[in-house]
Amino acid sequence: MKIKHALPGDIERSSMAIIAGELAQRGVVLPPEREAVVKRVIHATADFDYAEALRFTPQAVELGQAALRRGTPIVTDTNMAKAGVSRPSLEKLGCGLHCFMAEPEVARLAKERGITRAAVSMEKAAREYPGAILAVGNAPTALLRIAELLEEGLRPALVIGVPVGFVNVVESKELLFAACESCGVPAIAAMGRKGGSNVAAAICNALLYGAAGTLDPAARGWR
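Quick look at the structure, then. (Residues numbered from 1 in each chain as written. Predicted model: local features only at pLDDT ≥ 70, side-chain atom pairs only at ≥ 80, totals over all residues. Heavy atoms only, no water.)

**Section: the pattern of salt bridges**
Argument step 1. Across all of its chains, the model carries 15 salt bridges by this definition.
Argument step 2. Here glutamate 103 makes a salt bridge to lysine 124, at a shortest N to O gap of 3.6 Å. One end of the pair, glutamate 103, is in the loop between strand S3 (97–99) and helix H7 (104–113); the other, lysine 124, is in helix H8 (residues 117–128), with 21 residues separating them in the sequence.
Argument step 3. Of the residues examined, glutamate 103 reaches a relative accessible area of 27% and is grouped as partly exposed.
Argument step 4. Taking relative accessible area as the criterion, lysine 124 reaches 14% and is therefore assigned buried.
Argument step 5. A salt bridge links glutamate 112 to arginine 108; the shortest N-O distance between them is 2.5 Å. Of the two residues, glutamate 112 and arginine 108 both sit in helix H7, 4 residues apart, roughly one turn of that helix.
Argument step 6. Judged by relative accessible area, glutamate 112 falls into the exposed class, the value being 55%.
Argument step 7. Among the charged side chains, a salt-bridge network with shared partners connects Arg113, Glu123, Arg145, Glu148 and Glu152. (Salt bridge = Lys/Arg side-chain N within 4 Å of Asp/Glu carboxyl O. Helix = DSSP H or I, 4+ residues; strand = E, 2+ residues; numbered from the N terminus. Buried < 20%, exposed > 50% of the residue type's maximum accessible area, 1.4 Å probe, protein only.)

Spelled out as C-alpha cells, the structure:
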C-alpha cells in the first residue's frame, strides 16, 4: 500500500480532484455557484448521490455567502453540527454560532408543551436571531416549525434543511423547501432520506470558505 499524501492540505486537494473526476465520469456538470457546496458535502460523506439530491433555491449560495460576509450568525439544531463548523472561518467573518438544544429552558418548554426540543430551539432562534442562517441536520420537527414560522413572518437569511432518517424526513424537507420558495427565503435542502449533522456542517463550511475566500486549504493556513 502506497500512501499518497500525509498533509491535510494535500489530502483535501487530492480528494476534491478525485471528486471532480468522478463527477465528470458520471456526466454530472454542476452549476459553478453550487459546485463548492456539492463537492464539500460529497467530501464529507463519500456519497455522490448528493450531486442530485441537493436542491437550491435561486441564488441560495450567493445570498448565504453575502449574509456571512455581513457577520450573520448560524444556528444549528444539534451540537454535533455546531462542532463541525469551522471556528477560524467564523472568527474571520465575525459570525456567531449557536445551538439551543441542550439548554434546560428549552427542555422544560418542550416537555410542558409536548413537542420536541428541536421545535422549541427554532422558536428561540427566531426570537433571538430572526435573520440568522438556520442549519438543520437532524430534526424534521425543526424544519416543520421553521415552515410554520415562515408563514408567521420569520425571514432567516438562509435555511439549510438536511435531516437524516425515516419518519417525516422526506415530507419535512419538501414542505420546508416549498415554504421557502413561497416566502422568498433562500434554502438548501437534501431531498430524500439522506442528510445528517455532518452534511449541515459541510454546507456551512462551504459557504464560510466561499465567503472568506478560503476554498483552497492554503488560504486557511494548511500546508
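**What to know about the sheet that holds strand S1 (residues 54–56)**
Argument step 1. With mixed pairing, the 6 strands of this open sheet are ordered in space as S1-S6-S5-S4-S2-S3. The sheet is open, and its two borders are formed by S1 and S3, each paired with just one other strand. Ignoring which end each strand starts from, the neighbouring axes of this sheet average 15° apart.
Argument step 2. Two strands pair when backbone bridges link them, and strand S5 (residues 158–161) and strand S6 (residues 187–190) are joined in this way by 3 bridges, in the parallel orientation. Residue pairing for S6: valine 159 is matched across the bridge by alanine 187. (Pairing = 2+ DSSP bridges. Axes fitted to C-alpha atoms, helices over the stretch in contact; angles between N-to-C directions.)

**Quick look at the side chain of threonine 78**
Argument step 1. Structurally, threonine 78 is set in the loop between strand S2 (74–76) and helix H5 (79–84).
Argument step 2. Classification of threonine 78 as buried rests on a relative accessible area of 12%.
Argument step 3. Those residues in contact with threonine 78 that lie beyond four places of it in its chain are Cys99, Met101, Asn138 and Ser197. (Contact = heavy atoms within 4.5 Å.)

**Observations regarding H8**
Note on helix geometry: an α-helix contains 3.6 residues per turn, so any two residues three or four positions apart are oriented the same way.
Argument step 1. Taking 1.5 Å per residue as the helical rise, H8 with its 12 residues ought to reach 16 Å, and the 16 Å between its terminal C-alpha atoms agrees with that figure.
Argument step 2. When H8 is considered as a whole, its buried residues turn out to be Ala118, Ala119, Val120, Ser121, Met122, Glu123, Lys124, Ala125 and Ala126.
Argument step 3. Buried residues belonging to H8 abut S2, H7, strand S4 (133–136) and helix H9 (140–151). (Expected span 1.5 Å × (residues − 1).)

**Digging into the environment of alanine 147**
Argument step 1. Relative to the helices and strands, alanine 147 resides in helix H9.
Argument step 2. Residue class for alanine 147 comes out buried when judged on its relative accessible area of 2%.
Argument step 3. In this structure, alanine 147 is in contact with Leu175, Leu176 and Ala179, ignoring residues within four places of it in sequence.

**Considerations on the nonpolar core**
Argument step 1. Counting residues in each nonpolar core, the largest one holds 44 residues, and the members touching the most others are Leu54, Leu68, Ile74, Ile160, Ile188, Ile203 and Leu207.
Argument step 2. Among the elements that make up this core, the one with the highest residue count is helix H11 (residues 197–212) (11 residues).
Argument step 3. Sequence-distant contacts of isoleucine 74, defined by excluding residues within four places in its chain, comprise Leu68, Val85, Leu90, Gly96, Leu97, His98, Ile133, Ala135, Cys204 and Leu208.
Argument step 4. Listed in part, the 31 residues of the second largest apolar core include Leu149, Leu176, Phe177 and Ala189. (Core = buried A, V, L, I, M, F, W, Y, C linked by side-chain atoms within 4.5 Å.)

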